[in-house]
Amino acid sequence: MIGGLPVFILPRRLGWPLVPFWARVNLFLLRWIVGVRVEYRGLDNIPQGGCIVAAKHQSAWETFALLPLFTSPTYVLKRELRYIPIFGWYTAKFRQIPVDRGKRSLALAAMTEKARQAVAEGRQILIFPEGTRKGAGEAPNYKYGVSHLYRSLAAPVLPVALNAGVYWPRRGWMLQPGTVVVEFLPAILPGLEIDEFHNKLVGEIETASDGLLREAAVAHPDAPAVQRARQRWSARGMTL
């Protein structure tokens, strides 16, 4: 981040390539040092132009690993990240969308206006509908912010399932070698009622993410995150 500071004197469009390059470097290091690879599925489901990308949130991995797949993404992120030295400057420079979660309706209105501008520019809005990370196998808790954006922006929503939490746990730095699978599901087009959309989005992301978690459990049955997921699913009356 320090080495990239000269981008602050460049227009956003010219400075942006530094960000996906940073993400690719992280993915390269994860592969060759830690043994964490990635498989992307359903890339042909990514819409052209402006859209909303709603992703499962299990770890820090997806906060950067999705970046290289989009032309001009902007994350919906908590306002506190703006206050991190240097890193926060980059979020402002590249017009990421901060949300003051304590202000609720005011924050929702501000987020919607910024998101509307971004979609009009052909950018992709990346949002984690659960609001915070959930460990692999934990019961989901989807907020209605993404549903509000869907109704207000009349833009397609791309659901994204993944199993990154098996290899990079929600808490801790002990990573597990293996292959993170990211699945881009068919986009949900505008026109649904808000509750119908919300239920459809949650159902599709959770069903696909559960399937990817089962795949990981077969490949790495003894992984600590898989063991924890089994315990969580058992508490919910489910079997992994």
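Quick note: structure is the one above.
I will try to describe carefully the structure that is included in this document. (Residues numbered from 1 in each chain as written. Predicted model: local features only at pLDDT ≥ 70, side-chain atom pairs only at ≥ 80, totals over all residues. Heavy atoms only, no water.)

This part is about the sheet that holds strand E4 (residues 97-99). Strand order in the open sheet formed by 7 strands is E1-E7-E6-E2-E5-E3-E4, with mixed pairing between adjacent strands. The open sheet has two edge strands with one neighbour each: strand E1 (36-41) and E4. If you compare each strand with its neighbour and ignore which way they point, the axes differ by 20 degrees on average. When E1 meets strand E7 (residues 178-184), the two strands line up parallel, connected through 6 bridges. (Pairing = 2+ DSSP bridges. Helix = DSSP H or I, 4+ residues; strand = E, 2+ residues; numbered from the N terminus. Axes fitted to C-alpha atoms, helices over the stretch in contact; angles between N-to-C directions.)

The next subject is the packing of helix H7 (residues 194-219) against helix H8 (residues 224-235). Two elements in contact, H7 and H8, have axes separated by 10 Å at closest approach and are oriented at 130 degrees. On the basis of the axis angle, H7 is oblique to H8. Two packed elements cross with a definite hand, and for H7 against H8 that hand is left-handed. For the pair H7 and H8, the contacting residues are Asp210, Leu213, Arg214, Ala216 and Ala217 in the first and Val226, Ala229, Arg230 and Trp233 in the second. (Parallel < 35°, antiparallel > 145°, perpendicular 65-115°, else oblique. Left-handed = near helix turned anticlockwise from the far one by under 90°. Contact = heavy atoms within 4.5 Å.)

The next thing to look at is the packing of helix H6 (residues 145-153) against H7. Helix packing for two helices is described by the angle between their axes and how far apart those axes are. For the pair H6 and H7, interaxial distance at closest approach is 10 Å and the crossing angle is 125 degrees. One element, H6, and the other, H7, form an angle in the oblique class. Judged by the sense of rotation from one axis to the other, the crossing of H6 with H7 is right-handed. Residue-level contacts link Val146, Ser147, His148, Tyr150 and Arg151 of H6 to Ile194, Phe197, His198 and Leu201 of H7. Class assignment of the residues belonging to the contact of H6 with H7 gives a composition of 5 nonpolar, 3 polar and 1 charged. (Nonpolar A, V, L, I, M, F, W, Y, C, P; charged D, E, K, R; others polar.)

We now examine the environment of Gln48. Note that Gln48 resides in the loop between E1 and strand E2 (51-55). Along the sequence, Gln48 and Thr71 sit 23 residues apart, while their C-alpha atoms lie 9.6 Å from each other.

Compared with an ideal rise of 1.5 Å per residue, which puts 17 residues at 24 Å, helix H2 (residues 18-34) spans 23 Å between its outermost C-alpha atoms and is within 8% of the ideal. Listed in full, the buried residues belonging to H2 are Val19, Pro20, Ala23, Leu27 and Leu30. Buried residues of H2, viewed axially, fall in a sector of 100 degrees; they line one side. Opposite the buried face of H2, by more than 90 degrees, sit the exposed residues Phe21, Phe28, Trp32 and Ile33. Residues of H2 that are buried make contact with E1 and helix H3 (62-65). At the exit of H2 stands Gly35, carrying a positive phi of roughly 90 degrees. (Expected span 1.5 Å × (residues − 1). Buried < 20%, exposed > 50% of the residue type's maximum accessible area, 1.4 Å probe, protein only. Arc of directions from axis to C-beta.)

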